[in-house]
Amino acid sequence: MNANGTGNGNGALEGAVIAVAGAAGPAGRATLLRLAEAGAIVVASDADPTRLAEAVDAARYAHGGATVTGDTVDLLDLAATREWAAKTEKEFGRIDGLVHLVGGWRGSATFAETDLADWDLLEKLLIRTVQHTSLAFHGGLLRSDRGRFLLISAAGASHPTAGNAAYAASKAAAEAWTLALADAFRKAGGDAGPKTAAAILIVKALVHDAMRAERPNAKFAGFTDVKELADAIAGVWERPAPEVNGKRLWLTPQP
């Protein structure tokens, strides 16, 4: 069974409270729409308040009656991230998921030309934010009967190329951190197995409608459409926690 969802109306998400970090980009927008469509209460965050408000409004408009809220959160601040998690659980009485979509990319033409300033940036965006969200939401997800922590990663993390050293190393570290979280969930489940899961969804790269419009002749071979990613995210809740906990779910052919 693959990681993709099975269409509209995901009963496993009905009434679930899902936080989405990095919600204002194309992948975030698609995810907000998909989760709202599935009946989830969606709590979005981003560092850009204007783009976040636009994304939240779009999801609300597309699915009238859906509860979609937005919080401007500095995920590089652990205290602020913990405050966001606590506020969410207090307001809605539970927290059933954290979807981590915070991204960024820097690269170089060759290995020798790698700029370590790129590492400084990517370490914050791709590793530190994962550390903070996982620590902040760990307790709430354990209290849930369907908790999921989902990291979106890239195939390059396990197959780095010369010009992508900083990016691939950052993604690999984020994956390792997420797998450690999965082990914590496994141990918390004891003999019965985990009821909360941490999983990694892996893409080659993402594509969306605006990219296709800008490059109409490009093939985007192996890329995952943001809508397909959103379906895959929703689909993780359809699968038992032991089946996905600590797993890499490939949405592109595995190298």
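The rules behind each value
- Residues numbered from 1 in each chain as written.
- Predicted model: local features only at pLDDT ≥ 70, side-chain atom pairs only at ≥ 80, totals over all residues.
- Heavy atoms only, no water.
- Helix = DSSP H or I, 4+ residues; strand = E, 2+ residues; numbered from the N terminus.
- Buried < 20%, exposed > 50% of the residue type's maximum accessible area, 1.4 Å probe, protein only.
- Contact = heavy atoms within 4.5 Å.
- Polar contact = N/O pair within 3.5 Å; in protein donor to acceptor, adjacent residues only side chain to side chain.
- 1 Å grid on protein atoms, 1.4 Å probe; cavity = no way out; pocket = protein on both sides within 12 Å on 5 of 7 lines; lining within 4 Å.
- Points joined across faces, edges and corners; volume = space filled by probe spheres on them.
- Nonpolar A, V, L, I, M, F, W, Y, C, P; charged D, E, K, R; others polar.
- Axes fitted to C-alpha atoms, helices over the stretch in contact; angles between N-to-C directions.
- Parallel < 35°, antiparallel > 145°, perpendicular 65-115°, else oblique.
- Left-handed = near helix turned anticlockwise from the far one by under 90°.

**Digging into the side chain of Ser153**
And then number 1: Note on placement: Ser153 falls in strand β5 (residues 148-154).
And then number 2: Since its relative accessible area comes to 2%, Ser153 is described here as buried.
And then number 3: In this structure Ser153 touches Lys171, Glu175, Ile200, Leu201, Ile202 and Val203, once residues within four positions along its chain are discounted.

**Brief notes about unusual backbone geometry**
And then number 1: Even without glycine at this site, Phe220 takes up a positive phi of about 50°.
And then number 2: Given a relative accessible area of 11%, Phe220 falls into the buried group.

**So, the environment of Thr252**
And then number 1: Tracing the chain through its elements places Thr252 in the segment after β9 (248-250).
And then number 2: Separated by 31 residues in the primary sequence, Thr252 and Ala221 place their C-alpha atoms 9.8 Å from one another.
And then number 3: Apart from the residues lying within four places of it in its own chain, the contact partners of Thr252 are Ile202, Val203, Lys204 and Gly222.
And then number 4: Here the side chain of Thr252 touches Gly222 through a polar contact of 3.1 Å, landing on its backbone oxygen.

**Topic: helix α7 (residues 226-236)**
And then number 1: α7 sits mainly inside the fold: eight of its 11 residues count as buried.
And then number 2: Among all positions in α7, only Val226, Leu229, Ala230, Ala232, Ile233, Ala234, Gly235 and Val236 are buried.
And then number 3: Taking the backbone nitrogen of Lys227 as reference, a side-chain oxygen 2.8 Å away marks Asp225 as the first, capping residue of α7.

**Some points on the side chain of Thr31**
And then number 1: Looking at the element boundaries, Thr31 is found in helix α1 (residues 26-37).
And then number 2: Looking at Thr31, the relative accessible area reads 1%, which means it is buried.

**A closer look at the layout of surface pockets**
And then number 1: Taken as a whole, the largest pocket holds about 1100 Å³ of empty space.
And then number 2: Lining the largest pocket are 44 residues; nearest its centre among them are Gly103, Gly104, Tyr167, Lys171 and Leu206.
And then number 3: Elements with a minimum of two residues in the lining of the largest pocket: α1, β2 (41-46), α4 (116-143), β5 and α5 (165-189).
And then number 4: Looking at the lining of the largest pocket, its residues break down into 25 nonpolar, 13 polar and six charged.

**A few points about the packing of α1 against α7**
And then number 1: Relative to each other, α1 and α7 sit at 50°, their axes nearing to 8 Å. By the criterion of interaxial angle, the relationship of α1 to α7 is oblique. The crossing of α1 and α7 is right-handed. Residues Pro26, Ala27, Ala30, Thr31 and Arg34 of α1 lie in contact with α7, whose contacting residues are Val226, Lys227, Leu229, Ala230, Asp231, Ile233 and Ala234.
And then number 2: Split into classes, the residues belonging to the contact of α1 with α7 amount to eight nonpolar, one polar and three charged.

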